Amino acid sequence: MTNRKIAFNWPYMTGKEMQYIAQSHADGRLAGDGPFTKLCHQWIERSTGCCKALLTHSCTAALEMAAMLLDIRPGDEIIMPSYTFVSTANAFVLRGGVPVFVDIREDTLNIDERLIEAAITPRTRAIAVMHYAGVSCEMDTILQIARAHGLPVIEDAAQGVTATYKGRTLGAIGDIGAYSFHETKNVISGEGGALLVADPKMARRAEIIREKGTDRSRFFRGEVDKYTWQEVGSSFLPGELTAAFLWAQLEEADRITASRLEIWDRYHTQFAAFERDGLLRRPVVPAECGHNAHMYYILLPQHQKRQEVIDGLKAVGVSVVFHYVPLHTSPGGLKYGRPHGQLSVTDRQSQSLIRLPIWVGLTPSDQDYIVEHLGMLLRKN
Ligand SMILES: *Cc1c(COP(=O)(O)O)cnc(C)c1O
């Protein structure tokens, strides 16, 4: 078998990106909130049913807007998983919030909804969930707990674009959702993101926060005759060239998801025998979750073998990665947050996980190569 080079990720282009960028260029539309931004907003609102979608320059920015919309103040606690990307926590810490880290479920690696209620204190202001690998958290239970305690739910749906839970689209189930269009996600614009808001009053404030704290959006719609400073805000909107690129991707979003699912399913079928032999554990997708194949990961029974497997694959040209260093054990997490109880599932699974290449254009023959080499490494003792 000849050696290959298989990248961990490779950005997929639909072919229309340069055409739409050229159109913006020719029309002299460079600043944000132009025609392509509007098309992207409409697409997200129509496909998710959210009240208002607003493009941002990243998912991180959308999460920062969420913390501002919720008026998070110093000392306010936000319940969240420790097994997530740093932005889920950092957005709230920027406003003085304190992340309270809860353990994850064995099966989906999402926040364990059974542990949330016990983590609520008089200082709790919000519950922030993250849909890992585009597989939904147990949202009905989470919303029930949140409603009972009068707490808003923020969905970090960075990985969840086009994915569903009981037919509802991720990002539009809780009060506020955040999408990422970073180059490593399914639908991309280099850097990019979106904020999804469920409530019309909050939607009006979101427009103001995103436009430097002014009512410029209402001015552009002709609703006011001048725009002025209304409240604290910043500049969270992307330029029109980014939106033009993104529109080419959103048009193809369902096809991108379908292609990724084919690759995901192929891995899953091939690894069934590995799982039976106790070599690895495959991802679990509950029946009510329509996932988007954002990720294919495996869990090793012995985490001590992980580096050896990663190095072994690298030696035959296959790039694989792991994540996350749990936030409650990271320097930032120790400084700014606190764990709620033992986070033993987080500690164990985060050390056992390996992510495999999954991107549109990865061929069946590439996959066979990865699976074969992985099999040899896992069987080696
Ligand atoms: C990628 C990611 C982010 C950050 O997205 P950006 O658009 O790069 O800011 C946040 N949360 C999660 C869970 C992510 O996977």
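Residues numbered from 1 in each chain as written. Predicted model: local features only at pLDDT ≥ 70, side-chain atom pairs only at ≥ 80, totals over all residues. Heavy atoms only, no water.

Regarding the overall build of the protein chain
Alright, step 1. Across its full length, the protein chain holds 15 helices and 13 strands.
Alright, step 2. Radius of gyration (C-alpha) of the protein chain: 21 Å, near the 21 Å computed for a compact globule of 381 residues.
Alright, step 3. Among the 381 residues that make up the protein chain, the fraction classed as buried is 57%.
Alright, step 4. When contacts within the protein chain are restricted to residue pairs at least 6 apart in sequence, those whose partners lie at least 24 apart make up 70%. (Helix = DSSP H or I, 4+ residues; strand = E, 2+ residues; numbered from the N terminus. Rg over C-alpha atoms; globule rule 2.2 N^0.38 Å. Buried < 20%, exposed > 50% of the residue type's maximum accessible area, 1.4 Å probe, protein only. Contact = heavy atoms within 4.5 Å.)

Points about the site of the ligand
Alright, step 1. The immediate surroundings of the ligand are formed by 13 residues, with T60, D156, Q159, S180 and K185 found nearest.
Alright, step 2. Between the ligand and Q159, the relevant distance is 2.8 Å, taken from an oxygen atom to a side-chain nitrogen or oxygen of the residue.
Alright, step 3. Within the complex, 92% of the 380 Å² of free accessible area of the ligand lies under protein.
Alright, step 4. The cavity that encloses the ligand is the second largest pocket. (Near = heavy atom within 4 Å. Polar contact = N/O pair within 3.5 Å; in protein donor to acceptor, adjacent residues only side chain to side chain. Areas by Shrake-Rupley, 256 points an atom, 1.4 Å probe, with all protein chains shown as cover. 1 Å grid on protein atoms, 1.4 Å probe; cavity = no way out; pocket = protein on both sides within 12 Å on 5 of 7 lines; lining within 4 Å. Sits in = over half its atoms within 2 Å of the grid points.)

A few points about the pattern of salt bridges
Alright, step 1. This structure, assessed with the given rule, holds 23 salt bridges.
Alright, step 2. For R125, the salt bridge goes to D76, with nearest N and O atoms at 3.6 Å. One end of the pair, R125, is in strand β4 (residues 124-130); the other, D76, is in the loop between α3 (59-69) and β2 (77-81), with 49 residues separating them in the sequence.
Alright, step 3. The salt bridge partner of K212 is E211, with a shortest N-O separation of 3.0 Å.
Alright, step 4. For K212, a relative accessible area of 36% gives the class partly exposed.
Alright, step 5. Among the ionic contacts, a cluster of salt bridges with common partners joins K52, E207, R218, R221 and E223. (Salt bridge = Lys/Arg side-chain N within 4 Å of Asp/Glu carboxyl O.)

Notes on the sheet that holds strand β7 (residues 168-169)
Alright, step 1. Taken together, the three strands give an open sheet; going across it, the order is β7-β6-β10, and neighbouring strands pair in antiparallel fashion. Every interior strand has two partners, whereas the edge strands, β7 and β10 (289-290), have only one.
Alright, step 2. Judged from the two bridges that link them, strand β6 (residues 164-165) and β7 form a sheet pairing that is antiparallel. The residue of β7 that forms the bridge with Y165 is R168. (Pairing = 2+ DSSP bridges.)

Quick look at the packing of helix α2 (residues 35-48) against helix α9 (residues 240-250)
A pair of packed helices is characterised by two quantities: the angle between their axes and the separation of those axes.
Alright, step 1. Two elements in contact, α2 and α9, have axes separated by 8 Å at closest approach and are oriented at 40°. For the element pair α2 / α9, the angle class is oblique. α9 is crossed by α2, and the crossing has left-handed handedness. Here P35, F36, T37, L39, C40 and W43 of α2 lie close against α9, whose contacting residues are E240, A243, A244, L246, W247 and L250. (Axes fitted to C-alpha atoms, helices over the stretch in contact; angles between N-to-C directions. Parallel < 35°, antiparallel > 145°, perpendicular 65-115°, else oblique. Left-handed = near helix turned anticlockwise from the far one by under 90°.)

A word on the pairing of strand β3 (residues 98-102)
Alright, step 1. For β3, the buried fraction is high: four of the five residues fall into the buried class.
Alright, step 2. When β2 meets β3, the two strands line up parallel, connected through five bridges. Residue I79 lies in a different strand from β3, and its bridge partner there is V100.
Alright, step 3. Crossover handedness for the path β2 to helix α4 (residues 86-93) to β3: right-handed.
Alright, step 4. Sheet analysis places β3 next to strand β12 (residues 338-339), joined by two bridges and oriented parallel. Bridging across to β12, F101 finds its partner in P339. (Right-handed = clockwise from strand over helix to strand, strands pointing away.)

Examining the packing of aromatic side chains
Alright, step 1. The final tally for this structure, using the stated rule, is 13 aromatic pairs.
Alright, step 2. Ring geometry for F219 versus Y227: centroids 5.5 Å apart, planes at 55°, classification tilted.
Alright, step 3. In this structure F219 comes out as partly exposed when scored by relative accessible area, which is 30%.
Alright, step 4. When the ring of Y267 is compared with that of Y296, the centres are 5.1 Å apart and the planes differ by 35°; the resulting orientation is tilted. Taken together, the residues Y267 in helix α10 (residues 253-270) and Y296 in strand β11 (residues 296-299) connect sequence positions 29 residues apart.
Alright, step 5. Through a chain of ring-to-ring contacts, the aromatic side chains of W264, Y267, F271, F274 and Y296 assemble into a single cluster.
Alright, step 6. The ring of F322 has R306 sitting right over it, with the charged end atom 3.8 Å from the ring centre.
Alright, step 7. Taking NZ or CZ as reference, R379 lies 5.3 Å from the ring centre of F274, over its face. (Phe/Tyr/Trp six-rings, centres within 6.5 Å; stacked < 30°, edge-to-face > 60°. Lys NZ or Arg CZ within 6 Å of the ring centre and 35° of its normal.)

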